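Spelled out, the chains give:
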Amino acid sequence: MEPFDLRKYLKHPPNAFSKEQLTMRAKKYGFTQPQFLELLAWDYELVAQLQAANDKLILKGGAAVQLYLPPEVQRSSVDIDFIAPGIDETGIELIMGQVRSQLAMLTHFRAERLAPKSPELKLPMLTYIITLPSSIGQMGKDTCRIKIDFLLANYAPPITNIPDVETVAIRASGVKAESLGSLIGDKLCTLAIGTIGIRRLQDYPKHLYDLELLAYLLDYGSKAFEDSLESMHQIIPFESKIRGTRYSLEEVLASVEKTATGYSAIDLSNPAQKMADARENLDNFQQIYLPKPQKKPYYEWSIKALKVRYLAKLAKLTDDAGPEEALKALKEAKQLEQRLANLRGKELEDAKQKLLMKINKNEFDASSLKEMRQKPIRRIYWQVLEDANSPKELKEII
């Protein structure tokens, strides 16, 4: 690696990028491919460099999400996504110029603007490819490449200044990122396939993984629901205008629910015949991006999708009745799920049979309905959790 005098140029200790450190971290957290941790480590170095050049830049996307999660469940992330409110193309070039000067002494370092390749949408976005030295050996080479997207947005979402935090790849220095609630809202919009969300189902697993953990693993108050709604009310008109249309919050959340409902059938034999590509994409995602303890069977991913479906319903409730009601419903749903783990024997079987009776039969064909009877009770529970009133209705069963 580079000599230790790089300490005055890098924002993180140079030995954090060594093969020994990265291999040790990969082993510690259960990653089979340490080269992806190397990319994540460089992600946070570049974030620190770029935000030092201009503190208006706001980190979003997967690299931001991991900063909120405990290392044990963090995934690797390759690219960097920024919101650049009030910064134009010239401003981004000035920022990149400062970073080029700061990191010019790194072996193999290059920062090149990437021209869009006939994009379907004319996004107000600038993209750069950064080439950096690799101690692991990426694809048999001694370099690695990271893509940075700058979204030239006309809005600034709620933010959090995150202090130094431990990640699976590196102890990341302080970062300005979307707030927890804003990230939840942003991810909901990302999963709104058919309206303003991603266009490729193959990208669905990473966003699903992030959103389910943010919303259900972490403890937070009503402010997170307020931030998520504020974020969505900013993103929806911005993305709608790009597409030359106008979507409402209800339409966006309905598309989140529809996609999540469809994806939740990934663990069923009959629908899965039509979801062969989705299963293959999920398998690839788990193999590359997740630590071994977080690689789950298909039914767990069905549960994740159903949790996102429920979250979309709570986002609508937040807009209608306020964040306190939504937060109350979320907490009740999580508490009931925890109770399931304490059921045993006849009590467990009775609860399972009662939950099965509440399944919407219109969502399944006969063979899938029969298969559902063999699923774990958690899978059935999230299937029947239709709206914010469901936890109250299910308390007597569980």
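What this report covers is the structure whose coordinates are included nearby. (Residues numbered from 1 in each chain as written. Predicted model: local features only at pLDDT ≥ 70, side-chain atom pairs only at ≥ 80, totals over all residues. Heavy atoms only, no water.)

### Some details on the overall build of the protein chain
Within the protein chain, the secondary structure is distributed over 16 helices and 9 strands. For 398 residues, the compact-globule estimate of 2.2 N^0.38 gives 21 Å, and the C-alpha radius of gyration of the protein chain, at 22 Å, lies within 12% of that figure. The principal-axis extents of the C-alpha atoms in the protein chain amount to approximately 65 × 45 × 40 Å. Looking at the protein chain as a whole, 57% of its 398 residues qualify as buried. Of the contacts formed within the protein chain by residues at least 6 apart in sequence, a portion of 70% connects residues at least 24 apart. Total accessible area computed for the protein chain in this model is approximately 17800 Å², and 49% of it derives from carbon and sulfur atoms. Charged side chains of the protein chain number 56 positive and 53 negative; the gap between the two group centres comes to 3 Å. (Helix = DSSP H or I, 4+ residues; strand = E, 2+ residues; numbered from the N terminus. Rg over C-alpha atoms; globule rule 2.2 N^0.38 Å. Buried < 20%, exposed > 50% of the residue type's maximum accessible area, 1.4 Å probe, protein only. Contact = heavy atoms within 4.5 Å. Areas by Shrake-Rupley, 256 points an atom, 1.4 Å probe, with all protein chains shown as cover. Lys, Arg positive; Asp, Glu negative; His and termini not counted. Charge placed at Lys NZ, Arg CZ, Asp CG, Glu CD.)

### Side note on the environment of Glu239
Here Glu239 shows up in helix α7 (residues 222-242). The sequence separation of Glu239 and Leu123 amounts to 116 residues, and the corresponding C-alpha distance is 8.8 Å.

### Observations concerning the packing of helix α5 (residues 180-190) against helix α6 (residues 204-216)
One can describe the packing of α5 onto α6 by two numbers: an axis separation of 10 Å at closest approach and a directional angle of 145°. Here α5 runs over α6; the crossing is left-handed. Between α5 and α6, the residues in contact are Leu180, Leu183, Ile184, Lys187, Leu188 and Thr190 and His207, Asp210, Leu211, Leu214 and Ala215, respectively. The class makeup of the residues in the contact of α5 with α6 is 7 nonpolar, 2 polar and 2 charged. (Axes fitted to C-alpha atoms, helices over the stretch in contact; angles between N-to-C directions. Left-handed = near helix turned anticlockwise from the far one by under 90°. Nonpolar A, V, L, I, M, F, W, Y, C, P; charged D, E, K, R; others polar.)

### Overview of α5
The element α5 is largely enclosed, with a buried count of 11 among its 11 residues. For α5, every residue scored as buried is listed here: Leu180, Gly181, Ser182, Leu183, Ile184, Gly185, Asp186, Lys187, Leu188, Cys189 and Thr190.

### Some thoughts on a negative patch on the surface
Together, Glu226, Glu230, Glu324 and Glu325 make up a region of like negative charge exposed at the surface. At the level of elements, α7 and α12 (323-340) are the ones that each hand at least two residues to the negative patch. By the element assignment, Glu226 lies in helix α7. Under the relative-accessibility criterion, Glu226 is labelled partly exposed at 39%. (Patch = residues over 30% accessible without salt bridge, like charges linked within 9 Å, V, L, I, M, F, W, Y side chains within 5 Å. Salt bridge = Lys/Arg side-chain N within 4 Å of Asp/Glu carboxyl O.)

### A short note on the pattern of salt bridges
Applying the stated criterion across every chain, the model contains 26 salt bridges. Lys187 serves as the salt-bridge partner of Asp210, at 3.2 Å between the closest nitrogen and oxygen. Taken together, the residues Asp210 in helix α6 and Lys187 in helix α5 connect sequence positions 23 residues apart. There is no split in this pair, since Asp210 and Lys187 are both buried. Ionic pairing is found between Asp227 and Lys223, a salt bridge with its closest N-O pair at 2.7 Å. Pair noted here: Asp227 and Lys223 are both in helix α7, with a separation of 4 residues, about one helical turn. The network of salt bridges with shared partners includes Glu212, Glu300, Lys304, Lys307, Glu337 and Arg378.

### Here we look at the pairing of strand β2 (residues 80-83)
Pairing of strand β1 (residues 58-60) with β2, which is carried by 3 bridges, proceeds in the antiparallel orientation. The residue of β2 that forms the bridge with Leu59 is Phe82. Looking at chain direction, β2 and strand β5 (residues 141-151) are connected through 4 bridges and run parallel. From the neighbouring strand, Ile80 faces β5, where its bridge partner is Ile148. (Pairing = 2+ DSSP bridges.)

### Some thoughts on the packing of aromatic side chains
Taken as a whole and judged by the stated rule, the model has 14 aromatic pairs. Between the aromatic rings of Phe36 and Tyr289, the centroid separation amounts to 5.9 Å while the plane-to-plane angle is 50°, which identifies the pairing as tilted. Taken together, the residues Phe36 in helix α2 (residues 34-53) and Tyr289 in helix α10 (residues 276-289) connect sequence positions 253 residues apart. With a relative accessible area of 15%, Phe36 lands in the buried category. Tyr289 gets classed as partly exposed once you look at its relative accessible area, which sits at 22%. On the numbers, 5.6 Å between centres and 10° between planes, the contact of Phe82 with Phe150 is stacked. With Phe82 in strand β2 and Phe150 in strand β5, the pair connects residues that are 68 residues apart, well separated along the chain. The exposure classification of Phe82 matches that of Phe150, with both residues buried. Each member of the aromatic cluster is reached from another via a ring pair, and the members are Phe36, Tyr209, Phe285, Tyr289 and Trp301. (Phe/Tyr/Trp six-rings, centres within 6.5 Å; stacked < 30°, edge-to-face > 60°.)

### As for α7
The first and last C-alpha atoms of α7 sit 31 Å apart over 21 residues, in line with the 30 Å expected at 1.5 Å per residue. Looking one or two residues beyond α7, the residue adopting positive phi is Gly244, at roughly 70°. (Expected span 1.5 Å × (residues − 1).)

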